[in-house]
Amino acid sequence: MAYFAKTYPHIVFQPSDPDRDHRASIAAWTDGLENVNAPLDLDTTKNWQIASVDAFICVNMIHIAPWSACEGLLSKAGRHLASNGILYLYGPYKHGGRHTAQSNAKFDADLRHRNAEWGIRDLDDITATAVVHGLTLDATVQMPANNLSVIYRRVV
Ligand SMILES: C[S@@+](CC[C@H](N)C(=O)[O-])C[C@H]1O[C@@H](n2cnc3c(N)ncnc32)[C@H](O)[C@@H]1O
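Scope of this entry: the structure provided in the associated data block. The structure presented is a predicted model; accordingly, all values stated were derived computationally and were not measured.

Analysis parameters
- Residues numbered from 1 in each chain as written.
- Predicted model: local features only at pLDDT ≥ 70, side-chain atom pairs only at ≥ 80, totals over all residues.
- Heavy atoms only, no water.
- Pairing = 2+ DSSP bridges.
- Helix = DSSP H or I, 4+ residues; strand = E, 2+ residues; numbered from the N terminus.
- Near = heavy atom within 4 Å.
- Polar contact = N/O pair within 3.5 Å; in protein donor to acceptor, adjacent residues only side chain to side chain.
- Areas by Shrake-Rupley, 256 points an atom, 1.4 Å probe, with all protein chains shown as cover.
- Nonpolar A, V, L, I, M, F, W, Y, C, P; charged D, E, K, R; others polar.
- Core = buried A, V, L, I, M, F, W, Y, C linked by side-chain atoms within 4.5 Å.
- Buried < 20%, exposed > 50% of the residue type's maximum accessible area, 1.4 Å probe, protein only.
- Contact = heavy atoms within 4.5 Å.
- Phe/Tyr/Trp six-rings, centres within 6.5 Å; stacked < 30°, edge-to-face > 60°.
- Lys NZ or Arg CZ within 6 Å of the ring centre and 35° of its normal.
- Salt bridge = Lys/Arg side-chain N within 4 Å of Asp/Glu carboxyl O.

1. Some remarks on the pairing of strand E3 (residues 135-143)
Inference 1: Sheet analysis places E3 next to strand E4 (residues 147-154), joined by eight bridges and oriented antiparallel. Following the sheet pairing, threonine 140 is matched in E4 by valine 150.
Inference 2: Between E3 and the antiparallel strand that follows it, E4, lie three residues; alanine 145 among them carries a positive phi value of about 60°.

Written out as structure tokens, the structure is:
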């Protein structure tokens with residue numbers, strides 16, 4: 001968030017996290033950045049009272065949360081994104097039910113050991129749910145360490 005905000009000073013960023021300590025961390029990292037608002041307490045599985053936004057950015061969340069958090073995010077993006085707005089996801093993903101790297105398989109096992117509801121998601125499942133909420137897969141970009149940037153667009 002801090003990196004994006006410094007790189008794009010003409011864009012206003014609205015961070016959020018349902019965890020109080022994580023919001024304090026965000027506030028510390030973005031202190032002094034005039035284009036970053038104070039973090040909001042938003043949980044993707046609950047109701048949001050927010051206006052329309054041009055883009056959502058979600059980094060390293062959906063594999064470290066229950067599947068309902070991903071479903072909620074996709075639902076919120078479908079409801080609150082402006083026409084042609086994008087949902088940007090970053091993290092590790094499976095394809096066709098298979099891991100793309102041994103390191104991701106190991107990470108997935110570790111996540112599931114820590115919490116049975118966590119785990120690396122399959123991009124096919126995410127995209128199928130995204131479509132239900134009016135989002136289409138626009139692009140996937142390979143990133144370092146077997147991560148992906150994934151971009152969905154609300155086309156209405
Ligand atoms: C691994 S941290 C990633 C934090 C940050 N995006 C980063 O990359 O440093 C995962 C975050 O997802 C948040 N999270 C978990 N469930 C969530 C939900 N249902 N709605 C919104 N955020 C959630 C957690 O509070 C936590 O801050």
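2. So, the site of the ligand
Inference 1: In the vicinity of the ligand lie 13 residues, with Asp17, His22, Asp43, Thr44 and Val59 positioned nearest.
Inference 2: In the environment of the ligand, an oxygen atom lies 2.5 Å from a nitrogen or oxygen atom belonging to the side chain of aspartate 17.
Inference 3: In this structure, a nitrogen atom belonging to the ligand sits 3.0 Å away from a side-chain N or O atom of aspartate 43.
Inference 4: When the free accessible area of the ligand is taken as 600 Å², the share hidden by the protein chains comes to 64%.
Inference 5: Tallied by class, the residues present in the shell around the ligand amount to seven nonpolar, three polar and three charged.

3. Here we look at the nonpolar core
One recurring pattern in soluble globular proteins: nonpolar side chains tend to sit buried together.
Inference 1: Counting residues in hydrophobic clusters, the biggest one holds 20 residues, and the most contacted among them are Leu87, Leu89, Tyr93, Ile126, Leu135 and Tyr152.
Inference 2: If you list the elements that add at least two residues to this core, you get strand E1 (53-59), helix H3 (67-80), strand E2 (81-91), helix H5 (123-132) and E4.
Inference 3: Per-element tally for this core: the top contributor is H3, with four residues.
Inference 4: The residues touching leucine 135, leaving out its near neighbours within four places in the chain, are Leu74, Ala77, Gly78, Leu81, Leu87, Ala130, Tyr152, Arg153 and Arg154.
Inference 5: In terms of nonpolar packing, the next biggest core, distinct from the first, is built from five residues, Ala2, Ala5, Phe13 and Val36 among them.

4. So, the packing of aromatic side chains
Any two aromatic rings considered together are summarised by their centre-to-centre distance and by the angle between their planes.
Inference 1: By the definition in use, this model includes three aromatic pairs.
Inference 2: An angle of 90° between the planes, with centres 6.5 Å apart, marks the rings of phenylalanine 4 and tyrosine 88 as edge-to-face. With phenylalanine 4 in helix H1 (residues 2-7) and tyrosine 88 in strand E2, this pair connects stretches of sequence that are 84 residues apart.
Inference 3: An aromatic cluster of three or more residues is present, and its members are Tyr3, Phe4 and Tyr88.
Inference 4: Positioned above the aromatic ring of tryptophan 48, the side-chain terminus of lysine 76 is 5.6 Å from the ring centre.

5. Focus: the pattern of salt bridges
Inference 1: Counted according to the given criterion, the structure contains four salt bridges.
Inference 2: Notably, a salt bridge pairs aspartate 41 with arginine 23, separated by 3.5 Å at the nearest N-O pair. With aspartate 41 in the loop between helix H2 (20-29) and E1 and arginine 23 in helix H2, this residue pair connects regions lying 18 residues apart in the sequence.
Inference 3: A salt bridge links aspartate 110 to arginine 114; the nearest nitrogen and oxygen atoms lie 3.5 Å apart. Taken together, the residues span about one helical turn, with aspartate 110 and arginine 114 both in helix H4 (residues 102-114) at a distance of four residues.
Inference 4: Given a relative accessible area of 52%, arginine 114 falls into the exposed group.

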